[in-house]
Amino acid sequence: MSMSSSPYQPAHRTIPVNDRSPGTPSPFKGNSVSTTKYNVVTFLPKGLFEQFRRVANLYFLVIAILSATPISPVNPLTNIGPLILVLAVSLTKEAFEDRKRYKSDKIINASLTEVLRGREWVQIPWSALTVGDVVRVKNDTYFPADMICLATTNPDGICYVETMNLDGETNLKIRKAMERTWEYVTAEAAAEFKNAAIECELPNNSLYTFVGNLMVGKQVLPLSPNQILLRGCSLRNTEHVVGVIIFTGHETKVMMNAMDVPSKRSTLEKKLDRLIITLFIVLFAMCFIGAVGSALFVDDKQWYLRMRSADAQFNPKNRFFVFLLTFLTLVTLYSTIIPISLYVSIEMIKFIQSTQFINKDLNMYHRESDTPALARTSNLNEELGQIEYIFSDKTGTLTRNLMEFFKCSIAGVMYGTGVTEIQRAAAVRTGIELEELVPSGARVQEKGFNFEDRKLMKGAWRAEPEAETIKEFFRLLAICHTVLPEGGDTPDSVVYQAASPDEAALVVAAKNFGFFFYRRTPATIRVQESHVEKLGRIQDLEYEVLNVLEFNSTRKRQSVICRHPSGRLVLYCKGADTVIYERLAANGNKYADITRRHLESYGADGLRTLCLAYADLDPNFYEEWNEKFIAAKSSLRDREKKLDEVAELIEKDLILLGATAIEDKLQEGVPQCIETLRHAGIKIWVLTGDKLETAINIAYACNLLTNDQKKFIVSSETNEILKAEEEMSPAQAMAVIKANVRNALVDALRQAQRHAIADDGMELALVIDGKCLMYALDPALRGTLLHLGMLCKAVVCCRVSPLQKAQVTALIRDNAGKITLSIGDGANDVSMIQAAHIGVGISGQEGMQAVMASDFAIAQFRFLTDLLLVHGRWSYTRIAKVVGYFFYKNIAFTLTQFWFNMYTGYSGERLYDDWYQSLYNVVFTALPVIVVGIFDQDVDAKRSKKYPQLYEAGQRNLYFNWTTLLTWLVMGIYQSGIFFYFPLLIFKGPLSSSGKTLGLWDVGTMAFTCIVITVNARLLMACTFQTRWHHISIWGSIGLWFAFIFVYCAVRPGATTVDKQDNIFNVIYLLMSTLEFYLTALLVPVVALGADFLMAGVQRWFMPYDYQIIQEQEKKHEGAPEIEMESAPLSAMHLETGMTPADERSAAMAMMPGLPSGRHTGFSFDTPGFQSFFADQQGYHQDEKSWDIARRASMVHRRVDRPSGSGGQGLSPLARSAPSKGVDRR
């Protein structure tokens, strides 16, 4: 049944319950599922369609077709063979992955479950289930389809469900059957369940909503998410449940959520497409030149060639026809300029990088949770090496999401004496010394509870002036929640299962204050209240839970309506301060102002706050309200909206009790990670739902904000805005807020631009709250916000919604042209994660929805250092090198054919045997480039993190730009000329006194041998890191060529059915019998690679990359122990030694390990200009020398000085001034 509704389709479905005879067809879809992409019939057509969606593969298909025509100069197998090989590899990979999916589907569909047939339970496979069947599911088994819970073996119709396979959350959820159906727990009873139907919504992918009614006779019972059991979840702590199937197969919610994350392609891959288009243009230019040359060449002047009697392709009478046919001929001949194996090689490299290096990196393995890093896609590896903006959630991403009850404010009095991490960081920042109290022996520490205050613990609160208010506060903590208790009925044995760590912490706090919640039923909560009247007394009280108004992101509050044992009717409410204060009674809230100040103090200390309030209800008013509530719950249309509207009617006139303050500590290593990423040139934006003060203090604690920065704060909490909201209409208040936001942003942008023009080194930061951000994202102000944000080193957005997180991410992604990364851990971060170029999920306390929507998953924020600075940078440099090398080797190979055709009248004659051309890319040069793409590294992981500035090369795209590609192109053109003309000239004369000279295939084989040797040796030169696998692959490929040619030339004409040139027989043996062969094989690579060697030397000496400086340092000091130096200020040294500042500087330079003497030893860092680099790492700066200035005089570059307090992480002025290889280094 279709999900979409139209004028001819109902908005709901009606399901008869237990009313279908076995064997009769069902109007609904079956329960069999298939997650495969193909089947036996569709595999080839669909698989080939997917492959030929790639422009390169489609191009080679056209070339293969052309090569089968009479105009082709090469054997069809030359182009068809490699294409078939590439397609076969890709299709085999697809088939292998799809077969695994097929086997998994087969196992799942064959799983057995029990269905009601007559008056007994019968086992059938899941695939045989249909909508309306009544089934029984036993403990620790999975639900076979989406079903409504009718009855359970637990009292009061409740059951426990684990949803880990659905959303990753391990906390158990409670589900309950309606009282009307509790009796249908046995087969005999369930068989009597007739004349019933379920009217519910159409299948959809919303996991947390459900709207429906159960109709039994004339009775209509509203159904909610509390009655639905979803496929993929499992039953826990319940013997069995009985339910009725409502959605099956691909209409179940889990299957409708089983969609791929948005398809993402890396920036480098998109640039690769442009490179392929460029190669197409080059190819057509070569073919055009050759076709014109051929049309001009054919003439009756060459009467001895007898062109008029030759093929029509060379008939001088129709030169246009000659041009056209020659053009197509040359397209097939020069087709190798576009490497057919490029995409396959890159896919293999990326796949191995992900599975063998990222996934298995012990530096990103979290031992406590046994969680390794996970690359969920291999398409974006190199994108990790070019990140410029990181958008991060706070809770669970920067913090641990392990909540601890830390402080509270009750009846206007603050309780709790602890000091938070944020307070300590703020004290260090401001120079204030904190006085921390020594913990008392009465302190209770438990997961979720880290509270210290003698005035409340062990019943001492009874002596407080507002003891009754304190008692109501603690009672609210014990009652207003949806927590499930597990284990025993004693405080030491109970385990709380909560939807969030915050809620669990509040219930644990209530227990430690003497209000122990230990049992829940669908209608009651039992609490043991101690210290109520006198010390040691315990009352076991049962509260009747009448209604639960659940928390959601719109309401930002949760309420429970309950009846006390005394008959008192109370609404307990907890929620965000903004929504609670809006609903306070006009009178009777004498603690509101002081509690607000306490909330601000808690926010400044980095604590998460909730306000607690209550209201006594009139029974008559409640009865009237409850009728409206039941009507709203029974509605099939806009049920959520109607429930929210009804809740507004009763959540009013509240009496404030106080506020809770929960600490969520920073994750280990977060400040150091952020500091390192900032040194790598990455800008970090924190997007959080916390209050302004909390967000700012968290940013300070994790080194995102510093005292040295100039901060622009755009807040809606100004007096003017608050006054406008109180006194004006909503429309007028909106106009005032928008004007204030516009003025604040314009003024901040003006100041930021002045600092940028002055180049005064001042770092800027922006802090903006969600209300202001809503107006700042308006099209009229979007550009201002964008420019201001890009000028700031750090941005903090607080009180933002999930949608705003995605909008901010998209603002930079779409308008700034920068590569972005979003990282989060919760369902509210999914839109932000999917909006960025790369999404990273934290596998933390809030389930796995962020991970399931991400491209990469890690367990801790600090692992970003390894993911980006190590694996990301390596992947970028490797892939850039691989693509450039492919470009070079195919240009060098193809142009030899172009030079040769200049001597054949552009006839399309080939220089090489067909098998040479076929195997060049897929055999003789394939493996070495893959090895380099997997193992190559310029510096090791340790130094990649030690010198984070190396990462900026990827941000500036130094290794994959048109200048770099032009360098590869020039060297390819130069070497192609060497490959063709040197063998031609060396073998031009007779080889012996007989006067015999070498023929076409002899020269072609000699030239191909030189190409194979040279391009493989060139790759060895390009390696910055060599292992045995480099040498095995490179020398093995050269050896493979000789092994092939020895066998190929030994086959006598007609001895095999394989199509081959008969003239190739004995060629290699003849060549190797001459001295010229060895001379050519040695001379050509030396001459060809000499230019590369010279250019690399000049570049390394005069224009070194940063990584080359590090390499040279490691060579110089290889084997020498590293000496740690004290980073004492120069002024302190002066006091102790009495030396002048100049002497101090000289002494500090002399103490540097292995400092070069200035003597030129052949290493580029030994030049005097590089001394400042190593000194800078220890915080000592040497004055510039004249040769430094002279060397950079011709470089168009503005020097960017780093602050001396950078922790020794800045690169030297010379390193920072290295030429950008054609890219603006800002």
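No experiment lies behind these values; they were computed from the predicted model shown. (Residues numbered from 1 in each chain as written. Predicted model: local features only at pLDDT ≥ 70, side-chain atom pairs only at ≥ 80, totals over all residues. Heavy atoms only, no water.)

**A few points about the overall build of the protein**
For clarity, the threshold we go by: Numbered from the N terminus, helices here are DSSP runs of H or I no shorter than four residues, and strands are runs of E no shorter than two. With a 1.4 Å probe rolled over the protein chains alone, any residue whose accessible area is under 20% of its type maximum counts as buried; one over 50% counts as exposed, and the rest are partly exposed. Contact criterion: two residues are considered in contact whenever any of their non-hydrogen atoms come within 4.5 Å of each other. Values of accessible area rely on a 1.4 Å probe in the Shrake-Rupley scheme; residue burial ignores everything except the protein chains shown.
Each helix and strand counted, the protein has 41 helices and 35 strands in total. Evaluated residue by residue, the protein yields a buried proportion of 55% over its 1226 residues. Excluding contacts between residues fewer than 6 apart, the proportion of contacts in the protein whose partners are at least 24 apart in sequence is 73%. Per element, the accessible surface of the protein, about 53400 Å² overall, is 57% carbon and sulfur.

**Things to note about a negative patch on the surface**
What counts, and what does not: Each patch is assembled from residues with relative accessible area greater than 30% and no salt bridge, linking like charges that lie within 9 Å and nonpolar side chains (Val, Leu, Ile, Met, Phe, Trp, Tyr) that lie within 5 Å. Any Lys or Arg side-chain nitrogen located within 4 Å of an Asp or Glu carboxyl oxygen qualifies as a salt bridge. In this tally, Asp and Glu contribute negative charge and Lys and Arg positive charge; neither His nor the terminal groups of the chain are included. One atom stands in for each charge, and that atom is NZ of Lys, CZ of Arg, CG of Asp or CD of Glu.
There is a patch of like negative charges on the surface, built from D618, E623, E624 and E627. Note on placement: E627 falls in helix α15 (residues 619-634).

**With respect to the UniProt feature "transmembrane region" (unreviewed entry) in the protein**
Our working definition: UniProt positions are given in the numbering used here, feature names are shortened, and annotations may be inferred rather than shown by experiment.
When the UniProt feature table is mapped to this numbering, "transmembrane region" (unreviewed entry) covers residues 275-298, 318-344, 882-900, 920-937, 958-986, 998-1020, 1032-1055 and 1067-1094. As a span, residues 318-344 carries 67% helix and 0% strand, and end to end its C-alpha atoms are 43 Å apart. Within the segment residues 882-900, helix and strand shares are 100% and 0% respectively, and the terminal C-alpha atoms sit 28 Å apart.

**Here's the deal with the pattern of salt bridges**
This structure, assessed with the given rule, holds 44 salt bridges. Of the charged contacts in the structure, one is a salt bridge between R119 and E192, with a shortest N-O distance of 2.8 Å. Linking R119 in the loop between β2 (112-117) and β3 (120-125) with E192 in the loop between α5 (187-191) and β8 (196-201), this pair joins segments that are 73 residues apart in sequence. The exposure class assigned to R119 is partly exposed, which follows from its relative accessible area of 46%. Taking the shortest distance from any N to any O, the salt bridge between E668 and R862 comes out at 3.9 Å. Separated by 194 residues along the polypeptide, E668 in the loop between β28 (655-663) and α17 (670-679) and R862 in the loop between β35 (856-858) and α26 (864-902) bring together distant segments of the chain. Under the relative-accessibility criterion, E668 is labelled exposed at 53%. Among the charged side chains, a network of salt bridges with common partners joins R555, R557, E582, R583, E648 and E651.

**Concerning the side chain of K394**
Secondary-structure assignment places K394 in the loop between β15 (389-392) and β16 (404-410). The buried category is assigned to K394, whose relative accessible area is 1%.

**Points about the packing of aromatic side chains**
Using the following cut-off: Stacked, edge-to-face and tilted labels apply to pairs of Phe, Tyr and Trp rings (six-membered ring for Trp) whose centres lie within 6.5 Å, assigned for plane angles under 30 degrees, over 60, and everything in between, in that order.
Using the criterion set out here, one finds 59 aromatic pairs in the structure. Aromatic pair Y389 and F391: ring centres 6.5 Å apart, planes at 15°, arrangement stacked. Note on accessibility: Y389 and F391 belong to one class, buried. Centroid distance Y920 to F1008: 5.9 Å. Interplanar angle 70°. Geometry classified as edge-to-face. With Y920 in helix α27 (residues 914-924) and F1008 in helix α32 (residues 1000-1022), this residue pair connects regions lying 88 residues apart in the sequence.

**Thoughts on the side chain of N890**
Our working definition: As used in this structure description, the phrase polar contact means that two N or O atoms lie within 3.5 Å; if the pair is within protein, one of them must be able to donate a hydrogen and the other to accept it, and residues adjacent in sequence are counted only when both atoms belong to side chains.
As for its position among the elements, N890 is in helix α26. A distance of 2.4 Å separates the side chain of N890 from the backbone oxygen of T336, its partner in a polar contact. Contact partners of N890, with chain neighbours within four places excluded, come to T336, I337, I338, P339, Y920 and N921.

**Description of the nonpolar core**
As a reminder, the rule being used: Nonpolar core, defined: a set of buried Ala, Val, Leu, Ile, Met, Phe, Trp, Tyr and Cys residues in which side-chain atoms within 4.5 Å join the residues together. Where each domain begins and ends follows an automated or database-derived domain assignment.
In this structure, Y916, F1008 and W1041 are the most contacted members of the largest nonpolar core, which totals 107 residues. Examining the composition of this core, we find that 16 residues originate from one element, α26, more than from any other. Composition of this core by domain shows at least three residues from each of domain 2 (260-335) and domain 3 (342-352 + 871-1039). In this structure Y916 touches T1005, F1008, W1041, F1044, I1045, Y1048 and I1064, once residues within four positions along its chain are discounted.

**Some thoughts on the sheet that holds strand β13 (residues 240-247)**
Basically, it comes down to this: In this scheme, strands are said to pair when DSSP sees at least two bridges between them.
Reading across from one edge, β3-β2-β4-β13-β5-β11 is the order of the six strands in this open sheet, with antiparallel pairing throughout. Edge positions in the sheet fall to β3 and β11 (228-229), since each has one partner strand and no second. One ladder, built from five bridges, connects strand β4 (residues 134-138) with β13; its direction is antiparallel. Within the sheet, the bridge partner assigned to K138 lies in β13 and is H240.

**Observations concerning a nonpolar patch on the surface**
Taken together, the side chains of F288, I289, V292 and L296 define a hydrophobic patch exposed on the protein surface, amounting to about 380 Å² of accessible area. Here L296 lies in helix α7 (residues 267-297).

**A closer look at helix α33 (residues 1028-1050)**
Our working rule: Helices are assigned an expected span. That span is 1.5 Å times one less than the residue count.
Look at α33: 32 Å from first C-alpha to last across 23 residues, which is about the 33 Å you get at 1.5 Å a residue. For α33, every residue scored as buried is listed here: H1030, S1033, I1034, S1037, I1038, W1041, F1042, F1044, I1045, Y1048 and C1049. As for α33, its buried residues are in contact with α27, α28 (926-935), α32, α34 (1067-1071) and α35 (1075-1102).

**Considering the packing of α27 against α32**
Stated formally: Between the N-to-C directions of two axes lies an angle of 0 to 180 degrees, each axis being a line fitted to C-alpha atoms and, for a helix, fitted only over the stretch in contact. For this classification, under 35 degrees means roughly parallel, over 145 means roughly antiparallel, 65 to 115 means roughly perpendicular, and everything else is oblique. Each crossing gets its handedness from the near helix: less than a right angle anticlockwise from the far helix is left-handed, clockwise is right-handed. When residues are sorted by character, Ala, Val, Leu, Ile, Met, Phe, Trp, Tyr, Cys and Pro go into the nonpolar class, Asp, Glu, Lys and Arg into the charged class, and all the rest, Gly among them, into the polar class.
Two elements in contact, α27 and α32, have axes separated by 12 Å at closest approach and are oriented at 15°. As the angle between them shows, α27 and α32 are arranged roughly parallel. In this structure, α27 crosses over α32, and the sense of that crossing is right-handed. Listed contacts from α32 to Y916, Y920 and F924 of α27 are T1005, F1008, I1011, V1012, V1015 and N1016. Here the residues of the contact of α27 with α32 sort into seven nonpolar, two polar and no charged.

**A closer look at the environment of Q123**
Relative to the helices and strands, Q123 resides in strand β3. Note on Q123: relative accessible area 53%, which makes it exposed. Once the C-alpha coordinates of Q123 and T113 are considered, the two residues, 10 residues apart in sequence, prove to be 5.4 Å apart. If near-sequence neighbours (up to four positions away) are discounted, Q123 is found in contact with L112, T113 and E114.

**Here's the deal with the sheet that holds strand β12 (residues 234-236)**
A sheet is described by the order of its strands in space; here three strands give the open sequence β7-β6-β12, paired in antiparallel fashion. For this open sheet the edge positions go to β7 (172-176) and β12, each flanked by a neighbour on one side alone. Strand-to-strand twist across the sheet, computed as the mean angle between neighbouring axes with direction ignored, equals 45°.

**Some points on unusual backbone geometry**
Note: most residues except glycine have negative phi, and most peptide bonds are trans. We note that A411 has phi near 55°; this positive angle belongs to a residue other than glycine. Among the secondary structure elements, A411 is positioned in the loop between β16 and β17 (413-415). Taking the relative accessible area as the measure of exposure, A411 reaches 8% and is therefore buried.

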